[in-house]
Amino acid sequence: MNHLGLDKKTREKLWSQLAAAIEDYFVSLERQRVTPRFDVHGLREQLAKLDFGKALSPETALGTVIDGLTNHQVHVSSPMYFGLFNPAVSAAAVAADSLVAAFNPQLAAWSHSPFAAEVDRLLIQEFARVIGFDESAADGTLCSGGAEANHTALLCALEQHFPSFSKKGLRGLREKPLLYVSAESHHSTLKAAKACGLGSDAVREIPVTSAFGMDIQSLREQVANDAAQGAKPFFVVATAGTTASGAIESISEIADIARYNNMWLHTDAAWGGAVLLLPSMKQLLTGIEKSDSVTIDAHKWLSVPMGCGLFITRHRNLLTRIFGTGAQYMPKDAAGLDVVDPYSHSLQWSRRAIGMKLFASLLVSGWEGYRAVIEKQIGLGQLLKSELQSADWRIVNDTALPVVCFNSEEPHDREYCAKVAAWVVDSGKAWISTVLLGGRVRAIRACITSYWTEERHVRELVSLVNKARTAISEKIPRPVADN
Ligand SMILES: *Cc1c(COP(=O)(O)O)cnc(C)c1O
C-alpha cells in the first residue's frame with residue numbers, strides 16, 4: 001500500500017467524501033451556529049487522543065478534519081457573519097483552489113508553470129486596467145494578502161526613492177526616511193515598517209477627521225515640518241475603505257501632496273477596491289489612478305478563499321530590482337523568452353498558484369456577476385443602516401460602503417458596545433465586533449461580507465442587537481444557545 005498516494009478505490013472514496021463534505025458545508029451555513037464555543041482544554045484533549053503512531057483510515061482522518069473545522073471556527077461564509085471583510089467563498093474558487101492543491105503548480109520559476117504564471121500576469125493586467133493604470137507600463141504580483149502587498153509597496157518606494165537601497169540597505173541612507181498613514185489605516189504598514197528595518201518611529205500617524213479618514217491639512221503640515229527638519233518624507237498611504245469604518249480617504253488630495261513632495265503614493269484598497277468594478281461607484285476612488293501602487297485583496301470583497309492579494313504598481317522593473325537575486329540553481333528552461341520568473345518578482349519564493357481561484361471565479365461569474373453581488377451588498381448596507389436608525393441606534397460612521405458602526409446613548413458605560421457585541425456573539429446566531437474610531441468613539445461594527453446575506457438576515461441582526469439592548473438594560477444573563 002502506498003500510504004501517501006493510496007490506491008485508486010480508496011482515493012475515489014476519499015474524493016467523494018471530500019466533495020460531499022464541501023457541499024454539505026455550503027448548504028448548512030444557514031442553520032449552523034456562526035460562532036464556536038471556546039473550549040481550549042476539550043479541544044486539546046481531543047487532539048491529544050490522536051496518535052500519529054497509529055494510522056487512521058483516510059475516511060476517519062478526513063472526518064476528523066471535517067468535524068474539527070465544523071465545530072471550532074467562526075463560519076465566515078455564514079449569511080449571519082457581519083465581520084472583518086472575510087467573505088463567503090465562491091464555489092468556482094473553491095474548486096479551482098482544490099485543483100491547485102492537487103496539481104501543485106510551482107510558481108517560483110515561470111517555466112515550471114507557464115499557465116499559472118500567465119494567469120497571474122493576466123490578472124495583474126486586468127486589475128491594472130480597472131484601476132486606470134496604463135496596462136503596458138503596469139506590473140505587480142499576486143501575494144498572500146494585503147499585508148504582503150503593503151510590505152511590497154513600501155519596498156518599492158524605498159527602492160524608487162533611495163536607489164542604493166537594495167544594495168546598501170538602510171545603512172546606506174544619509175537621510176531619515178519617513179512614511180505617512182492615517183491613524184485609521186491598517187497596521188500592516190506599521191508592521192512592514194518594522195520588518196523593513198525602518199522601525200515604527202519612521203511612521204507618522206496622521207489624525208483623522210470626524211468622518212474617520214485622513215485629515216489632509218494635518219498631513220500637509222506634518223510633511224512640511226518633517227521636510228523642514230531635514231527628514232525625507234518618501235511614502236504615503238491613502239486608505240480606500242478603512243478596516244474599522246469603511247472610510248475612503250481623499251486619494252486625489254493625498255496624491256497632490258505626494259506629487260508636491262516627491263513621495264510614493266500607495267493606495268490601500270484591500271477591501272474597498274472592489275467598488276472599482278461598479279461604474280456608478282468608481283468615482284468614490286477618484287485619484288487611485290495617480291497612485292504609484294495599489295493593494296486589492298481578492299480574499300476580501302472578491303470572495304475567494306485566503307490568501308489572495310494583488311499588488312499592482314505603475315512602475316515596471318522595480319520588483320525585479322528589489323527581489324531579483326539570480327539564483328544559479330533555479331530552472332533556466334525559459335531563458336530567452338519574454339517572461340518573468342515570479343520568485344525574482346515577489347517576497348515569496350516557492351509559491352502556490354494564488355491567482356487561479358480568482359481567475360476561475362471571474363471566468364464563472366464574469367465582471368457582471370461580481371457587479372451584481374457588490375451592488376446587492378451595498379444596498380444591504382444601506383438597509384442595515386436605516387433599520388438600525390429606526391430602532392434608535394446612532395450611526396457614527398459615514399461611508400457608502402456596506403460597513404455600519406453604531407452605538408447608543410449610554411454615556412455612562414464604556415463597555416456598553418462590547419456587551420452588546422458579546423451578547424450577540426454568545427447567542428451563536430451572528431458575528432459582529434466592536435471598534436474604537438479615531439481613538440475616541442466606541443461603536444459596534446457590522447459589515448456585509450457574505451454574498452449569502454439577504455434582507456431577512458439584516459433584519460434578524462437588527463432584532464438580535466435590539467434583544468441584546470433589552471437584555472443588558474434588564475440585566476438578563478447572556479444566552480447559551482443550543483445548535
Ligand atoms: C485586511 C486589510 C489589510 C491586510 O490584508 P491581509 O489580507 O489581512 O493581509 C490591509 N489593509 C486593509 C485596508 C485591510 O482591510
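The structure displayed is predicted, hence computed values, not measured ones.

**Student:** For this particular structure, what's the right way to read the packing of helix α4 (residues 91-103) against helix α12 (residues 355-390)?
**Tutor:** Two quantities define a packed helix pair, namely the angle between the axes and the distance from one axis to the other. Closest axis-to-axis distance for the α4/α12 pair is 8 Å, and the angle between their directions is 140 degrees. In the packing of α4 onto α12, the handedness of the crossing is right-handed. Of the residues in α12, those touching α4 at A92, A93, A96, D97 and V100 are M356, K357, A360, S361 and V364. Across the contact of α4 with α12, the residue classes tally to seven nonpolar, one polar and two charged.

**Student:** What is the right way to look at the side chain of H75 in this model?
**Tutor:** The topology assignment puts H75 in the loop between α3 (58-71) and α4. Residue classification places H75 among the buried positions, given a relative accessible area of 2%. Contacts of H75, omitting those with residues within four sequence positions, involve Y25, L29, Q32, R33, V34, L69, T70 and Y81.

**Student:** What's the story with the site of the ligand in this structure? I'm lost.
**Tutor:** Around the ligand there are 14 residues in total, and A147, D268, D297, H299 and K300 lie nearest to it. Here an oxygen atom of the ligand sits 2.7 Å away from a polar atom, N or O, in the main chain of A147. Surface burial for the ligand is 86%, taken as the share of its 380 Å² of free accessible area covered by protein chains. Among the elements that make up the shell around the ligand, the one with the highest residue count is helix α6 (residues 146-161) (three residues). Looking at side-chain class alone, the shell around the ligand contains three nonpolar, eight polar and three charged residues.

**Student:** Would you mind showing me how to read the packing of helix α9 (residues 216-228) against helix α10 (residues 251-260) here?
**Tutor:** Relative orientation of the contacting elements α9 and α10 amounts to 10 degrees, with a least axis distance of 10 Å. Taken as axis vectors, α9 and α10 run roughly parallel relative to one another. The residues of α10 that touch α9, namely those facing I216, L219 and R220, are E253, I254 and I257. Considering only residue class, the contact of α9 with α10 consists of four nonpolar, no polar and two charged.

**Student:** Any chance you could explain the pattern of salt bridges here in plain terms?
**Tutor:** When charged atoms on two side chains of opposite charge get close, those side chains can pair. Taken as a whole and assessed by the stated rule, the structure comprises 18 salt bridges. Among the salt bridges present, the one from D97 reaches K357, with a minimum N-O distance of 3.8 Å. Note that D97 is positioned in helix α4 and K357 in helix α12, a separation of 260 residues in sequence. We note that D97, like K357, is buried.

**Student:** Can you walk me through the sheet that holds strand β11 (residues 441-447) in this structure?
**Tutor:** Backbone-to-backbone hydrogen bonds join strands into a sheet, with any given pair of strands oriented parallel or antiparallel. Across the sheet, which stays open at both edges, the four strands sit in the order β8-β9-β11-β10 with antiparallel pairing between neighbours. The strands lining the two open edges of the sheet, one partner per strand, are β8 (394-395) and β10 (433-437).

**Student:** Sorry if this is basic, but what is going on with unusual backbone geometry here?
**Tutor:** Glycine aside, residues mostly have negative phi, and peptide bonds are mostly found in the trans state. With an omega of -15 degrees, the peptide bond between M306 and G307 qualifies as cis. Within the fold, G307 resides in the loop between β6 (293-297) and β7 (309-313). Look at N104: it is not a glycine, yet its phi comes out positive at around 45 degrees. Residue placement: N104 occurs in the loop between α4 and α5 (114-131). Overall, the relative accessible area of 58% leaves N104 in the exposed class. Positive phi outside glycine occurs at F212, with the angle close to 65 degrees. Take F212: it is sitting in the loop between β3 (203-206) and α9.

How each quantity is defined
- Residues numbered from 1 in each chain as written.
- Predicted model: local features only at pLDDT ≥ 70, side-chain atom pairs only at ≥ 80, totals over all residues.
- Heavy atoms only, no water.
- Axes fitted to C-alpha atoms, helices over the stretch in contact; angles between N-to-C directions.
- Helix = DSSP H or I, 4+ residues; strand = E, 2+ residues; numbered from the N terminus.
- Left-handed = near helix turned anticlockwise from the far one by under 90°.
- Contact = heavy atoms within 4.5 Å.
- Nonpolar A, V, L, I, M, F, W, Y, C, P; charged D, E, K, R; others polar.
- Buried < 20%, exposed > 50% of the residue type's maximum accessible area, 1.4 Å probe, protein only.
- Near = heavy atom within 4 Å.
- Polar contact = N/O pair within 3.5 Å; in protein donor to acceptor, adjacent residues only side chain to side chain.
- Areas by Shrake-Rupley, 256 points an atom, 1.4 Å probe, with all protein chains shown as cover.
- Parallel < 35°, antiparallel > 145°, perpendicular 65-115°, else oblique.
- Salt bridge = Lys/Arg side-chain N within 4 Å of Asp/Glu carboxyl O.
- Pairing = 2+ DSSP bridges.

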